[in-house]
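Residues per chain are reported as follows:
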Amino acid sequence: LGIAARDYGFSAAQGFIASLLTYASAGQYMGFALYATKTTLAELVLLMFIINARYILMGFALNQRMPEGTPLRTRLLVGSCITDEIFGITIARPGIPTPYYTFGALVTAVPLWAIGTALGISMGNILPARIVSALSVALFGMFIAVIIPPAKKDKAVGAAVLVSFACSYAAVRVPWVSSLSQGNRTILLTVVIS
């Protein structure tokens, strides 16, 4: 993410603050990319809402597993702490997860994510261009590594992945879609693929 942020013109301090305040790597990546293309604020806000809407469902899932009698304010606070990773380790934990487990995961992970983003930007400024270019595709490699194993196991997931790739390709080829701004094209694609 740091290399991508550096490619889009962000400083290490800006990347650090963005990662400290935004708990969604996919959302951050898209935010960096759209900011760099000078998308409108309305497009950026709408796309962030669409991309991060999955956290609402994760919040409902965690809410159902919390100890009975957990106050609403604590439940809302846990909901604001959800990331893909924190949800994954919390929901996989046997038994009833306490809110403090989620809070502990957040206060451990967020500073490390912020430092990692800043280091990625800093290293991108120091490393040779060939290495930076190779590292620029690492985030895409991570996403592919996440979707390919389930796609091999489940034909429905595999079909969804193929349809998503085809839609993404078509979005840059179909005249009326390719003429949209990158922000609007991404919003449209996200909604159609979802």
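Just so we're clear, the structure is a prediction, and the values are computed from it rather than from any experiment. (Residues numbered from 1 in each chain as written. Predicted model: local features only at pLDDT ≥ 70, side-chain atom pairs only at ≥ 80, totals over all residues. Heavy atoms only, no water.)

Looking at the side chain of serine 19
Thinking step 1. Along the chain, the position of serine 19 falls in helix α2 (residues 12–21).
Thinking step 2. There is a polar contact of 2.6 Å between the side chain of serine 19 and the side chain of threonine 117.
Thinking step 3. Here serine 19 is in contact with Leu1, Gln28, Val110, Trp113, Ala114 and Thr117, once residues within four sequence places are set aside. (Helix = DSSP H or I, 4+ residues; strand = E, 2+ residues; numbered from the N terminus. Polar contact = N/O pair within 3.5 Å; in protein donor to acceptor, adjacent residues only side chain to side chain. Contact = heavy atoms within 4.5 Å.)

Focus on the layout of surface pockets
To find leftover empty space, a probe the size of one water molecule is rolled over the atoms.
Thinking step 1. What the largest pocket holds in volume is close to 2100 Å³.
Thinking step 2. Considering the residues around the largest pocket, the lining is formed by 45 residues, among which Ala26, Met30, Phe140, Phe143 and Ile147 are closest to the centre.
Thinking step 3. When contributions to the lining of the largest pocket are tallied by element, the ones reaching two or more residues are α3 (25–36), α4 (41–52), α5 (54–65), α7 (84–92), α8 (99–126), α10 (138–153), α11 (155–171) and α13 (182–193).
Thinking step 4. If you tally residues by element for the lining of the largest pocket, the top one is α10, at eight residues.
Thinking step 5. Here the residues of the lining of the largest pocket sort into 29 nonpolar, twelve polar and four charged.
Thinking step 6. What the second largest pocket holds in volume is close to 190 Å³.
Thinking step 7. Taken together, Phe10, Gln14, Ala18, Thr22, Gly27, Gln28, Gly31, Phe32, Tyr35, Leu44 and Met48 make up the lining of the second largest pocket. (1 Å grid on protein atoms, 1.4 Å probe; cavity = no way out; pocket = protein on both sides within 12 Å on 5 of 7 lines; lining within 4 Å. Points joined across faces, edges and corners; volume = space filled by probe spheres on them. Nonpolar A, V, L, I, M, F, W, Y, C, P; charged D, E, K, R; others polar.)

As for the packing of aromatic side chains
Thinking step 1. A complete count under the given rule lists four aromatic pairs for this structure.
Thinking step 2. A ring pair is formed by phenylalanine 10 and phenylalanine 32, whose centres lie 4.6 Å apart and whose planes are at 50 degrees; its orientation type is tilted. Of this pair, phenylalanine 10 sits in the loop between α1 (2–7) and α2 while phenylalanine 32 sits in helix α3, and the two are 22 residues apart along the sequence.
Thinking step 3. Measuring from centroid to centroid gives 5.4 Å for phenylalanine 10 and tyrosine 35, while their planes differ by 50 degrees, and the two rings are tilted. Highlighted residues: phenylalanine 10 in the loop between α1 and α2 and tyrosine 35 in helix α3, separated in sequence by 25 residues.
Thinking step 4. A residue is classified by how much of its surface remains accessible, and phenylalanine 10, at 15% relative accessible area, is buried.
Thinking step 5. The exposure class assigned to tyrosine 35 is exposed, which follows from its relative accessible area of 56%.
Thinking step 6. An aromatic cluster is present here, built from Phe10, Phe32 and Tyr35 joined pairwise through their rings. (Phe/Tyr/Trp six-rings, centres within 6.5 Å; stacked < 30°, edge-to-face > 60°. Buried < 20%, exposed > 50% of the residue type's maximum accessible area, 1.4 Å probe, protein only.)

Concerning the side chain of threonine 117
Thinking step 1. Secondary-structure assignment places threonine 117 in helix α8.
Thinking step 2. You can call threonine 117 buried: its relative accessible area is 4%.
Thinking step 3. Residues contacting threonine 117, with those up to four places away along its chain left out, are Leu1, Gly2, Gly15 and Ser19.

What to know about the pattern of salt bridges
Thinking step 1. Evaluated as defined, the whole model comprises two salt bridges.
Thinking step 2. For arginine 6, the salt bridge is made with aspartate 7, and the minimal N-O distance between the two is 3.1 Å.
Thinking step 3. Here arginine 54 and aspartate 84 are joined by a salt bridge, their closest N and O atoms 2.8 Å apart. One end of the pair, arginine 54, is in helix α5; the other, aspartate 84, is in helix α7, and 30 residues separate them in sequence.
Thinking step 4. A relative accessible area of 26% means that arginine 54 is categorised as partly exposed. (Salt bridge = Lys/Arg side-chain N within 4 Å of Asp/Glu carboxyl O.)

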